[in-house]
Amino acid sequence: QVQLVESGGASMQPGGSLRLSCAASGSIFVGNVMGWYRQAPGKERELVARITRLGFTNYASSVKGRFTISRDNAKNTVYLQMNSLKPEDTAVYYCNTDPPLRPNGMEYWGKGTLVTVSL
């Protein structure tokens, strides 16, 4: 069964820190590159960080140096540590494989978790 459950979103002030978590069903997690995506209001969803099974990471230039992705293969969980938050980080954050899952020919996404950064 395909399942992705994101959590940890909150309303934060600029400069704050937040850690997001994503629990994935084992069939998804094992052997796959995992990523954190985000979709800001009025914008398309974008990949902001990805991590391979062995822990190699890549980041979008907009978050590099501020966000850190990690994974716990034993717990089928991927994390996103977000530091020095900016208002432009406001978005719904999703985790997924990279590329995104398409179990029935259509992309599957969890419900996401909302991060709001404002004064």
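Worth saying up front: this structure is predicted, and the values here are computed from it rather than measured. (Residues numbered from 1 in each chain as written. Predicted model: local features only at pLDDT ≥ 70, side-chain atom pairs only at ≥ 80, totals over all residues. Heavy atoms only, no water.)

### Overview of the packing of aromatic side chains
Under the defined criterion, the tally for this structure stands at 2 aromatic pairs. The interplanar angle of 90° and the centroid separation of 4.9 Å between the aromatic rings of tyrosine 37 and tryptophan 109 together place this pair among those described as edge-to-face. Linking tyrosine 37 in strand β4 (residues 34-39) with tryptophan 109 in the loop between β9 (91-97) and β10 (113-117), this pair joins segments that are 72 residues apart in sequence. The exposure class assigned to tyrosine 37 is buried, which follows from its relative accessible area of 6%. (Phe/Tyr/Trp six-rings, centres within 6.5 Å; stacked < 30°, edge-to-face > 60°. Helix = DSSP H or I, 4+ residues; strand = E, 2+ residues; numbered from the N terminus. Buried < 20%, exposed > 50% of the residue type's maximum accessible area, 1.4 Å probe, protein only.)

### A few points about the side chain of glutamate 6
For glutamate 6, the position within the fold is in strand β1 (residues 4-7). For the buried glutamate 6, which has no salt bridge, the nearest side chain bearing the opposite charge is arginine 45, at an N-O separation of 7.5 Å. Here the side chain of glutamate 6 touches cysteine 95 through a polar contact of 3.1 Å, landing on its backbone nitrogen. A distance of 2.9 Å separates a polar side-chain atom of glutamate 6 from the backbone nitrogen of glycine 112. (Lys, Arg positive; Asp, Glu negative; His and termini not counted. Salt bridge = Lys/Arg side-chain N within 4 Å of Asp/Glu carboxyl O. Polar contact = N/O pair within 3.5 Å; in protein donor to acceptor, adjacent residues only side chain to side chain.)

### Here's the deal with the environment of arginine 71
Relative to the elements of secondary structure, arginine 71 occurs in strand β7 (residues 67-72). Along the chain, arginine 71 and isoleucine 51 lie 20 residues apart, while their C-alpha atoms are 7.6 Å from each other. Arginine 71 has contacts with Phe29, Asn32, Val33, Met34, Ile51, Thr52, Arg53, Thr77 and Val78, leaving out every residue within four places of it along the chain. At 3.2 Å, the side chain of arginine 71 forms a polar contact with the backbone oxygen of isoleucine 51. (Contact = heavy atoms within 4.5 Å.)

### Focus: the pairing of strand β5 (residues 46-51)
Two strands pair when backbone bridges link them, and β4 and β5 are joined in this way by 5 bridges, in the antiparallel orientation. Opposite methionine 34, over in β5, you have isoleucine 51 as the bridge partner. Connecting β4 to the next strand, β5, in antiparallel fashion are 6 residues, including glycine 42 with a positive phi near 75°. Here β5 runs beside strand β6 (residues 57-59); their pairing, made up of 3 bridges, is antiparallel. Along β6, the bridge assignment pairs isoleucine 51 with threonine 57. Counted along the chain from β5 to the antiparallel partner β6, the turn is 5 residues long, and its residue glycine 55 has a positive phi close to 100°. (Pairing = 2+ DSSP bridges.)

### As for the layout of surface pockets
Here the largest pocket is characterised by a volume of approximately 170 Å³. The wall of the largest pocket is formed by Arg38, Gln39, Ala40, Lys43, Glu44, Glu46, Ser62, Arg66, Lys86, Glu88 and Thr90. (1 Å grid on protein atoms, 1.4 Å probe; cavity = no way out; pocket = protein on both sides within 12 Å on 5 of 7 lines; lining within 4 Å. Points joined across faces, edges and corners; volume = space filled by probe spheres on them.)

### Some words on the state of the cysteines
Under the definition given, this model contains 1 disulfide. Two residues, cysteine 22 and cysteine 95, share a disulfide whose sulfurs are 1.7 Å apart. A residue pair is termed long-range when its members are at least 10 positions apart, and cysteine 22 in strand β3 (residues 18-24) and cysteine 95 in strand β9 qualify at 73 residues. An identical accessibility class is assigned to cysteine 22 and cysteine 95; each is buried. (Disulfide = S-S within 2.5 Å.)

### With respect to the pairing of strand β8 (residues 77-82)
With 5 of its 6 residues buried, β8 lies for the most part within the structure. Examined bridge by bridge, β3 and β8 share 6 bridges and lie antiparallel to one another. Its bridge partner lying in β8, alanine 23 is registered against threonine 77. Bridge analysis of β7 against β8 gives 6 bridges, and the strand direction is antiparallel. From the neighbouring strand, phenylalanine 67 faces β8, where its bridge partner is methionine 82. Counting the residues in the hairpin turn of β7 and β8 gives 4 residues, including asparagine 76, whose phi is positive at 50°.

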